[in-house]
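Next come the chains, spelled out residue by residue.
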Amino acid sequence: MDRKEFRDLASPAAAREAIRSLALEGGIDRVSLENARGRVLVTRIDAEIDVPGFDRSSMDGYALRARDTFGADEADPARLELVGEVHAGAEPDVELEEGQAVEISTGAVMPSGADAMVPVERTDRASGEATSSDGDDVLVRTSVAPGDNVMFAGADVAAGERALGPGTQITPREIGLLSALGIDEVPVRSKPRVGIVSTGDELVRPGEELQSARGEIYDVNSYTIAAGVEDAGGEAVVYPHAGDDMDEMERLLRRAAEECDLVCSSGSTSASAVDVIYRVIDEQGELLLHGVSVKPGKPMLVGRLEGSAYVGLPGYPVSAMMVFRTFVAPAIREAAGLAEPETATVAGTMAIRERSEQGRLRLAPVGLVEDGDGGTLVYPVDKGSGATTSLAEADGVVEIHPDIDYLEEGEAVTVSLFSPDVRPPTLFGVGEDDPAFSRVLDSLSNPRYLSIGSRPALRRLREGVPDVAVVAGPLERAVDAEPLGTWSREWGLLVRPGNPDGIEGLADLVDRDLRFINRTTDSGLRASLGADVAALADRRGLERHDVVGSIDGFDLGLRAHESPARKVIAGEADAGLGLRSTAERLDLEFVRLGDQEVRLLATPDRLEKPGVRELEDALDRANL
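Looking now at the overall build of the protein. In terms of helices and strands, the protein carries 15 helices and 36 strands. In the protein, which comprises 624 residues, the share counted as buried stands at 49%. Considering only intrachain contacts with a sequence separation of at least 6, the fraction spanning at least 24 residues in the protein is 72%. If you sum the accessible surface of the protein, you get close to 28,800 Å²; carbon and sulfur atoms cover 44% of it. A gap of 8 Å separates the mean positions of the 65 positive and 113 negative side-chain charges of the protein.

Shown next as structure tokens:
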């Protein structure tokens, strides 16, 4: 198959218009009240009955004729004869005459002859008895007018009245009204049925065995896109995984097109020799658009297949979800009759300067954090299109116009939230991947913590982005921050059970042919190790780089605190840099090199934030 270049990139506006032209609207469903919440009415519903269907008492008290109470007050109450009682759900069996009253419950039918009621707290029983009986009287200590404390038939909804109109989204309050009208089934817009097909020979479904040595990864897009479809008001149908075989891909796409209103695939949309979906659509359907001037998400497809609408999303999870929420989700909501949620955007200001690339609309994932004055700060969260955690660590998207080079610090921006349910974290922290601090975080209400290492954490703290930072090891320079707490951790070398190589310390890595796995230069453990290496070099009268060069693997750094340990377990290293707590958890031997102080630092103007105060309380309880 020949390699084929992208067609001319379409503008974002042209992409939206192409998707709008696909006409996703479905038919009409008749659903029961139990299944109606969130659906959208397609026709007007008129009341067929009065609600309530009778004159009823608004509270507990006595039904009476209003004119019998005229002039009554605390000093001179009206004395009325009790002639019976009426309870909710019972038909009255008495007709009131002049000077009479009936005890009545809330919601009960007003008896014939009564035109008002008086609440029980404005009355006294003449006999002092707790219950009524023939011959008892009631003293009414206030006057009432006709209609007082009575809800007349049809006062809520009258027969023939317009109850709900087409386009109404059904919420619990509408279900309450429909129930009151006796309606048990309603006509609603059909949910757009969206088929989801993920492609690529490297994909494996979660729950199945993963072979990383073959470059296999878990299928992220099928599940995130399906959740996005449901969130937008559609019905998601996840189809079996498709590889990169054109015939199999065509078969799955045709099946999905026959069964669904819209087909969304992910992957195989670019112009390389193995990305063939665009060829399937071009040859077997109608390709309306291939390539959009947007970042991330350039290799996007829009077309038709077997009479169904089709949108091809990029393969990288961040790119796929960005394109879906920006272009596809609005079309699904429109087809389902749902409006864009009012809470789907948040105004804020940029916490730091963010550079952009001219020429394409950029969809920048961002996080939200509240500053010391209660304002909303917006910070970029972008590990690249292939990093799935960018989705979990971000709250929404800022669209950066193609002509913009920079978003300046303090610049006002509008964030489109990933979901109306998104809420900024109560505490935003960055820093070391520390097991002890992770346990503290578990006790907080809604924290967000990014394990980025000590060096980047200090940089972000200087920029004033996070509430707190966890740093370890020697600090390169001072930082304006408030200390909240300190604790220590044992660090050293992680080796196989039984320590078969007899490793006793750092010198063994220098003098012997041993394979070592380090942490990244952002890690506090790497900084402490570097200090020990420099000290060893001084003792031996050597240059530091000579000692470093003698350690096989010193320059290979892994990000997380357990990663070197797992390389040791897998037999890919003889020793790894880590913590005693990691060795104990993973049943490895530990060669102690020292104690390391860990510091929790706070941005000065965030000390009064509820989330920071909650963290301080949790630290006291943890007694680190």
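Take the sheet that holds strand E9 (residues 137-140) next. Strand-to-strand pairing in sheets goes through backbone hydrogen bonds, with the strands running parallel or antiparallel. Spatial strand order, E7-E4-E6-E5-E9-E8: six strands in an open sheet with mixed pairing. Bordering the open sheet on either side are strand E7 (116-119) and strand E8 (123-125), each of which pairs with just one other strand. Averaged over all adjacent pairs, the angle separating strand axes in this sheet is 40°, with direction ignored. Pairing analysis gives four bridges linking strand E5 (residues 78-86) to E9, with the strands arranged antiparallel.

This part covers the sheet that holds strand E18 (residues 286-290). If you trace the six strands from one edge of the open sheet to the other, you get E16-E13-E17-E21-E20-E18, paired in mixed fashion. Pairing within the sheet leaves two strands with one partner each, and these edge strands are strand E16 (235-238) and E18. With strand direction ignored, the average angle separating the axes of adjacent strands in the sheet is 20°. Where strand E20 (residues 301-305) meets strand E21 (residues 308-313), five bridges bridge the pair, whose relative direction is antiparallel. In the sheet register, Arg-304 faces E21, and the bridge partner there is Ala-309.

Below, the discussion takes up the pairing of strand E28 (residues 412-417). Here E28 shows a clear split, with Val-413, Val-415 and Leu-417 buried on one side and none of Ala-412, Thr-414 and Ser-416 buried on the other. Relative to E28, strand E26 (residues 396-400) is paired through two bridges, and the arrangement is antiparallel. Counted as the bridge partner of Val-397 is Ser-416 from E28.

Quick look at the nonpolar core now. Ranked by size, the top nonpolar core spans 38 residues in total, and within it Leu-262, Val-311, Phe-324, Phe-327 and Val-328 carry the most contacts. Among the secondary structure elements, those contributing two or more residues to this core are helix H1 (12-20), strand E13 (193-198), helix H3 (221-231), strand E17 (262-266), E21, helix H6 (317-336) and strand E24 (361-370). No other element matches the twelve residues that H6 contributes to this core. Not counting chain neighbours up to four residues away, the residues in contact with Phe-324 comprise Ile-225, Gly-228, Val-229, Leu-313, Ala-329, Pro-330 and Ile-332. Among the nonpolar cores identified, the runner-up in size contains 22 residues, and Leu-536, Ala-537, Leu-577 and Val-591 belong to it.

Of all five residues making up E17, five are buried, and the element is well covered by its neighbours. Along E17, one buried face is formed by Leu-262, Cys-264 and Ser-266 and the opposite face, lined by Val-263 and Ser-265, is buried too. The pairing of E13 with E17 spans five bridges and is classified as parallel. Paired with Val-197 across the bridge in E17 is Ser-265. Here E17 pairs with E21 via five bridges, running parallel. Paired with Leu-262 across the strands is Ala-309, a residue of E21.

Tracing the backbone shows Arg-460 in helix H9 (residues 454-463). It is 9.4 Å that separates the C-alpha atoms of Arg-460 and Gly-431, two residues lying 29 residues apart in sequence. Residues contacting Arg-460, with those up to four places away along its chain left out, are Phe-428, Val-430, Leu-450, Ile-452, Val-465 and Pro-466.

Closest axis-to-axis distance for the H1/H6 pair is 10 Å, and the angle between their directions is 35°. Taken as a pair, H1 and H6 cross one another with a handedness that is right-handed. For the pair H1 and H6, the contacting residues are Pro-12, Ala-15, Arg-16, Ile-19 and Arg-20 in the first and Thr-326, Phe-327, Val-328, Ala-331 and Glu-334 in the second. Each residue belonging to the contact of H1 with H6 can be placed in one class, and the counts come to six nonpolar, one polar and three charged.

With that settled, the discussion passes to the packing of helix H4 (residues 246-259) against helix H5 (residues 277-284). Between H4 and H5, the shortest axis-to-axis distance is 10 Å and the interhelical angle comes to 60°. The pairing of H4 with H5 is recorded here as oblique in orientation. Regarding H4 and H5, the two cross each other, and that crossing is right-handed. Taken together, the residues of H5 that come into contact with H4 (itself represented by Met-246, Met-249, Glu-250, Leu-253 and Arg-254) are Ile-277, Arg-279, Val-280, Glu-283 and Gln-284. Per-class residue counts for the contact of H4 with H5 are five nonpolar, one polar and four charged.

Let us now look at the pattern of salt bridges. Counted by the stated rule, this structure contains 43 salt bridges. Taking the shortest distance from any N to any O, the salt bridge between Glu-490 and Arg-592 comes out at 2.9 Å. Highlighted residues: Glu-490 in strand E32 (residues 482-495) and Arg-592 in strand E36 (residues 589-602), separated in sequence by 102 residues. Across the pair Asp-595 and Arg-592 runs a salt bridge, and its minimum N-O distance is 2.8 Å. Salt bridges sharing common partners tie together Glu-74, Arg-122, Asp-124 and Arg-141.

This paragraph deals with the packing of aromatic side chains. Tallying each qualifying case throughout the model produces three aromatic pairs. Taking 6.0 Å as the distance between ring centres and 10° as the angle between the ring planes, the aromatic pair formed by Phe-437 and Trp-487 counts as stacked. Of the two residues, Phe-437 is situated in helix H8 (residues 435-441) and Trp-487 in strand E32; the sequence distance between them amounts to 50 residues. Trp-487 gets classed as buried once you look at its relative accessible area, which sits at 7%. Pairwise contacts between aromatic rings join Phe-437, Tyr-449 and Trp-487 into one cluster. Seen from the ring of Tyr-406, Arg-353 lies directly overhead, with NZ or CZ sitting 3.6 Å from the centre.

Turning to the confidence of the model for the protein, a few remarks are in order. On average, residues of the protein carry a pLDDT of 89, and 94% of them reach 70 or more. Across residues 1-5, where pLDDT falls below 50, the model places 14 contacts with residues more than four positions away in sequence or in other chains. Long-range and interchain partners of residues 128-134, a stretch whose pLDDT sits below 50, account for nine contacts in this model, where long-range means more than four residues apart.

Conventions and cut-offs
- Note that residues are indexed from 1 along each chain, following the sequence as it is written.
- Whole-chain, interface and lining totals are the exception, using all residues; otherwise, since this is a predicted model, local features are given only for residues with pLDDT of at least 70 and side-chain atom pairs are given and counted only at 80 or more.
- With hydrogens and water excluded, all non-hydrogen atoms of the structure serve as input to the side-chain values.
- Only DSSP runs of H or I reaching four residues or more are called helices, and only runs of E reaching two or more are called strands; each is numbered from the N terminus.
- Throughout, exposure labels follow a simple rule: accessible area from a 1.4 Å probe, protein chains only, divided by the maximum for the residue type, with under 20% read as buried, over 50% as exposed, and the rest as partly exposed.
- Contacts are assigned to residue pairs that have any heavy atoms within 4.5 Å of one another.
- Surface exposure here means Shrake-Rupley accessible area, sampled with a 1.4 Å probe, where a residue is shielded only by the protein chains that are shown.
- Here the positive residues are Lys and Arg and the negative ones are Asp and Glu; neither His nor the chain ends is included.
- By convention, the point assigned to a charge is CZ for Arg, NZ for Lys, CD for Glu and CG for Asp.
- Note on pairing: two strands pair once DSSP finds at least 2 bridges between them.
- Every axis corresponds to a line fitted to the C-alpha atoms, with the helix fit spanning only the stretch in contact, and the corresponding angles, defined between N-to-C directions, vary from 0 to 180 degrees.
- Buried Ala, Val, Leu, Ile, Met, Phe, Trp, Tyr and Cys residues form a nonpolar core when they are joined through side-chain atoms within 4.5 Å.
- The handedness criterion is simple: a crossing whose near helix is rotated anticlockwise from the far helix by less than a right angle is left-handed, and one whose near helix is rotated clockwise is right-handed.
- Under the convention adopted here, Pro, Cys and the residues Ala, Val, Leu, Ile, Met, Phe, Trp and Tyr are nonpolar, Asp, Glu, Lys and Arg are charged, and Gly plus all remaining residues are polar.
- Should an angle fall under 35 degrees it is called roughly parallel, over 145 degrees roughly antiparallel, and 65 to 115 degrees roughly perpendicular, with every other angle called oblique.
- Throughout this description, the term salt bridge denotes a Lys or Arg side-chain nitrogen within 4 Å of a carboxyl oxygen of Asp or Glu.
- Pairing of aromatic side chains requires ring centres within 6.5 Å, counting the rings of Phe and Tyr and the six-membered ring of Trp. Pairs whose planes differ by under 30 degrees are stacked, by over 60 edge-to-face, and all others tilted.
- For a Lys NZ or an Arg CZ to count as sitting over a ring, it must be within 6 Å of the ring centre and within 35 degrees of the ring normal.
- For every residue, the predictor reports its confidence as pLDDT, a number between 0 and 100.

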